[in-house]
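Examining the three-dimensional arrangement
Now for the letters of each chain:
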Amino acid sequence: MGLRRQACTRNYLLFVILSVCARTFFPLFQLVGVDVMAALDMYVEREQWEKCLETAAKQNYKVLHKYVALYATHLIQEGSWDKAVALYVQHGTPANSQNFNIYKRLFVEMVNVAGMNNAEAYSSWADLRDLLFNLCENLVKSSDANTPAHEEFETMLLVSHYYATRAAAQSIKQLDTVAAKLSISLLRHTDIIPADKAFYEAGTAAKEVGWENMAFIFLNRFLDLTDAIEEGSLYALDHSDFQYTDIPYEVPLPAKQHVAEEQREEIRDWVLTMSMDQRLEQVLPRDERDTYEASLVAVSTGVRSLPCLITGYPVLRNKVEFKRPGKQANKESWNKFLMAVKVRMGQGRDGQSGKGAESNGAGLVPGLPVLA
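Residues numbered from 1 in each chain as written. Predicted model: local features only at pLDDT ≥ 70, side-chain atom pairs only at ≥ 80, totals over all residues. Heavy atoms only, no water.

Moving on: the overall build of the protein chain. Helix and strand content of the protein chain: 14 helices and two strands. Burial status across the protein chain gives 46% buried among its 372 residues. Once local pairs closer than 6 in sequence are excluded, the contacts in the protein chain between residues at least 24 apart make up 56%. As displayed, the protein chain offers around 19,600 Å² of accessible surface, 52% of which is attributable to carbon and sulfur atoms. (Helix = DSSP H or I, 4+ residues; strand = E, 2+ residues; numbered from the N terminus. Buried < 20%, exposed > 50% of the residue type's maximum accessible area, 1.4 Å probe, protein only. Contact = heavy atoms within 4.5 Å. Areas by Shrake-Rupley, 256 points an atom, 1.4 Å probe, with all protein chains shown as cover.)

Laid out in structure tokens, this is it:
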């Protein structure tokens with residue numbers, strides 16, 4: 001019995017050694033023909049991602065997206081969220097509930113990262129928008145249609161559309177007020193984007209186009225939020241400036257400061273200076289509804305207007321309607337946007353007819369109304 005046991009042990013050890021050698025030295029292109037799933041797993045172990053996806057794509061959609069999800073998770077862990085977004089833009093965004101956390105994480109990473117409030121960020125925002133658009137189109141045809149998860153992704157899609165449109169508008173001087181309105185409209189979504197960053201961007205945009213009353217209110221709120229982050233609590237926030245608006249009171253406390261200390265001090269000095277200006281009215285502008293002009297909900301009637309796809313402001317009259325239900329734009333904003341884009345595409349970046357306009361957000365604007 002002892003000899004038999006020793007022989008079995010030797011055979012088992014030999015099997016283990018041969019298995020390890022096979023996994024280490026056996027040509028993977030040969031293994032693909034024998035056991036494709038084992039080969040794919042070995043590609044993952046060796047981090048040969050391109051070969052893994054190339055092989056998985058020859059199997060079927062389900063197999064491909066198993067490994068796309070693994071690669072996307074790997075990229076996120078490495079901090080390469082932009083590559084993960086591009087991966088889903090390339091391969092599509094299936095409505096698999098197992099992937100929902102990946103999609104949410106990519107959205108969160110993008111709205112938190114610095115340096116994205118400019119024309120150069122257009123392609124990154126457009127990629128996120130396209131990813132979420134493809135996802136929402138697939139969700140409509142899935143068992144998750146009209147669920148809370150679907151609604152959440154539709155909101156993320158709208159937010160990413162605003163960011164992409166803002167980046168495109170920032171490349172054209174004539175659209176500076178459009179870019180400012182989009183930053184202001186994004187305040188409606190501070191329950192899912194960093195509140196301090198959003199109020200800073202809205203306030204500085206309003207300041208740049210001369211809307212000093214709004215700039216003061218938004219930047220004052222920004223300073224209150226930076227203090228709240230330092231204190232670790234939103235309890236002391238005063239919401240009186242935002243009564244009867246659709247800017248949410250209940251927002252998550254940002255985990256970190258999203259604006260550098262030097263810029264925070266510049267804003268603090270500006271707010272202090274403006275607070276002594278007797279001409280300043282600390283009131284948000286109202287429209288014909290006797291309601292804050294960027295609010296979708298009318299105070300007196302409770303009627304909810306649709307947001308303009310170009311500015312995010314409520315569509316009240318003279319509207320342009322699109323094929324997708326519930327998608328509209330203010331006619332004046334839409335015409336202004338199209339005219340500025342046509343002029344820019346005709347001139348090019350350096351005032352010459354040619355390819356210059358294609359290299360920035362403006363040249364790609366015809367693809368912007370993806371929600372329409």
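One non-glycine residue, glutamate 47, adopts positive backbone phi at about 55°. Residue position: glutamate 47 is located in the loop between α3 (36–45) and α4 (49–57). Its identity as a non-glycine residue notwithstanding, asparagine 318 has a phi of 45°, on the positive side. The topology assignment puts asparagine 318 in the loop between α13 (261–275) and β1 (319–321). Given a relative accessible area of 56%, asparagine 318 falls into the exposed group.

Attention now moves to the packing of aromatic side chains. One pass over the full model with this rule turns up nine aromatic pairs. The interplanar angle of 85° and the centroid separation of 5.3 Å between the aromatic rings of tyrosine 88 and tyrosine 103 together place this pair among those described as edge-to-face. Note that tyrosine 88 is positioned in helix α6 (residues 81–91) and tyrosine 103 in helix α7 (residues 100–112), a separation of 15 residues in sequence. Among the residues examined, tyrosine 88 registers a relative accessible area of 0% and is labelled buried. Judged by its relative accessible area of 0%, tyrosine 103 falls in the buried class. Taken together, the ring pairs in this structure connect Tyr88, Phe100, Tyr103 and Phe153 into an aromatic cluster. The positively charged end of lysine 181 is found above the aromatic ring belonging to tyrosine 313, 5.0 Å away from the centroid. (Phe/Tyr/Trp six-rings, centres within 6.5 Å; stacked < 30°, edge-to-face > 60°. Lys NZ or Arg CZ within 6 Å of the ring centre and 35° of its normal.)

Okay, the nonpolar core next. Note on soluble globular proteins: their nonpolar side chains tend to be buried together. In this structure, Tyr88, Leu106, Trp125, Leu132, Phe153 and Phe218 are the most contacted members of the largest nonpolar core, which totals 103 residues. The dominant element in this core, judged by the number of residues it contributes, is helix α9 (residues 148–169), at 12 residues. The residues contacting leucine 132, other than those within four sequence positions of it, are Phe107, Phe153, Met156, Leu157 and Ser160. (Core = buried A, V, L, I, M, F, W, Y, C linked by side-chain atoms within 4.5 Å.)

Time to look at the packing of helix α11 (residues 195–208) against helix α12 (residues 212–231). Two elements in contact, α11 and α12, have axes separated by 8 Å at closest approach and are oriented at 155°. Here α11 lies roughly antiparallel to α12, going by the angle between them. Read as a crossing pair, α11 and α12 show a hand that is left-handed. Across from Ala195, Asp196, Phe199, Tyr200, Ala202, Gly203, Thr204, Ala206 and Lys207 in α11, the residues of α12 making contact are Met214, Ala215, Phe218, Leu219, Arg221, Phe222, Leu225 and Ile229. (Axes fitted to C-alpha atoms, helices over the stretch in contact; angles between N-to-C directions. Parallel < 35°, antiparallel > 145°, perpendicular 65-115°, else oblique. Left-handed = near helix turned anticlockwise from the far one by under 90°.)

Moving on to α11. Under the 1.5 Å per step criterion, the end-to-end length of α11 is 20 Å for 14 residues, consistent within 8% with the ideal 20 Å. The buried count for α11 comes to 12 of 14 residues, which makes it a mostly enclosed element. If you check which residues of α11 are buried, you get Ala195, Asp196, Lys197, Ala198, Phe199, Tyr200, Glu201, Ala202, Gly203, Thr204, Ala205 and Ala206. In this structure, the buried residues of α11 make contact with α7, α9, α10 (176–185), α12 and α13. Phi turns positive, to about 85°, at glycine 210, one or two residues after α11. (Expected span 1.5 Å × (residues − 1).)

The next point concerns empty space enclosed by the protein. Rolled over the atoms, a probe as big as a water molecule pinpoints where empty space is left. Enumeration according to the criterion identifies one cavity of 30 Å³ or more in this entry. Of the volumes computed, that of the largest cavity is approximately 30 Å³. Considering the residues around the largest cavity, the lining is formed by Ala195, Phe199, Arg221, Leu225, Leu237, Pro248, Tyr249 and Val251. Broken down by class, the residue content of the lining of the largest cavity amounts to seven nonpolar, no polar and one charged. (1 Å grid on protein atoms, 1.4 Å probe; cavity = no way out; pocket = protein on both sides within 12 Å on 5 of 7 lines; lining within 4 Å. Points joined across faces, edges and corners; volume = space filled by probe spheres on them. Nonpolar A, V, L, I, M, F, W, Y, C, P; charged D, E, K, R; others polar.)

Glancing now at the pattern of salt bridges. By the definition in use, this model includes 15 salt bridges. A salt bridge links glutamate 109 to arginine 105, with the nearest nitrogen and oxygen atoms 2.7 Å apart. Of this pair, glutamate 109 and arginine 105 are both found in helix α7, four residues apart, which corresponds to roughly one turn of the helix. Residue classification places glutamate 109 among the partly exposed positions, given a relative accessible area of 24%. Residue arginine 105 is classed as partly exposed on the basis of its relative accessible area of 40%. For the salt bridge of aspartate 227 with arginine 268, the shortest nitrogen-to-oxygen distance reads 3.6 Å. One end of the pair, aspartate 227, is in helix α12; the other, arginine 268, is in helix α13, with 41 residues separating them in the sequence. Looking at aspartate 227, the relative accessible area reads 31%, which means it is partly exposed. (Salt bridge = Lys/Arg side-chain N within 4 Å of Asp/Glu carboxyl O.)

Here we take up the side chain of threonine 165. Tracing the chain through its elements places threonine 165 in helix α9. A distance of 2.7 Å separates a polar side-chain atom of threonine 165 from the backbone oxygen of histidine 161. (Polar contact = N/O pair within 3.5 Å; in protein donor to acceptor, adjacent residues only side chain to side chain.)

The next point concerns the confidence of the model for the protein chain. With 84% of its residues at a pLDDT of at least 70, the protein chain reaches an overall mean of 86. Here residues 27–34 is modelled with pLDDT under 50, and outside its nearest four sequence neighbours on either side it reaches 14 contacts, counting other chains as well. Confidence drops under pLDDT 50 across residues 349–367; counting only partners more than four residues distant or on other chains, this segment forms 40 contacts. (pLDDT = per-residue confidence, 0-100.)

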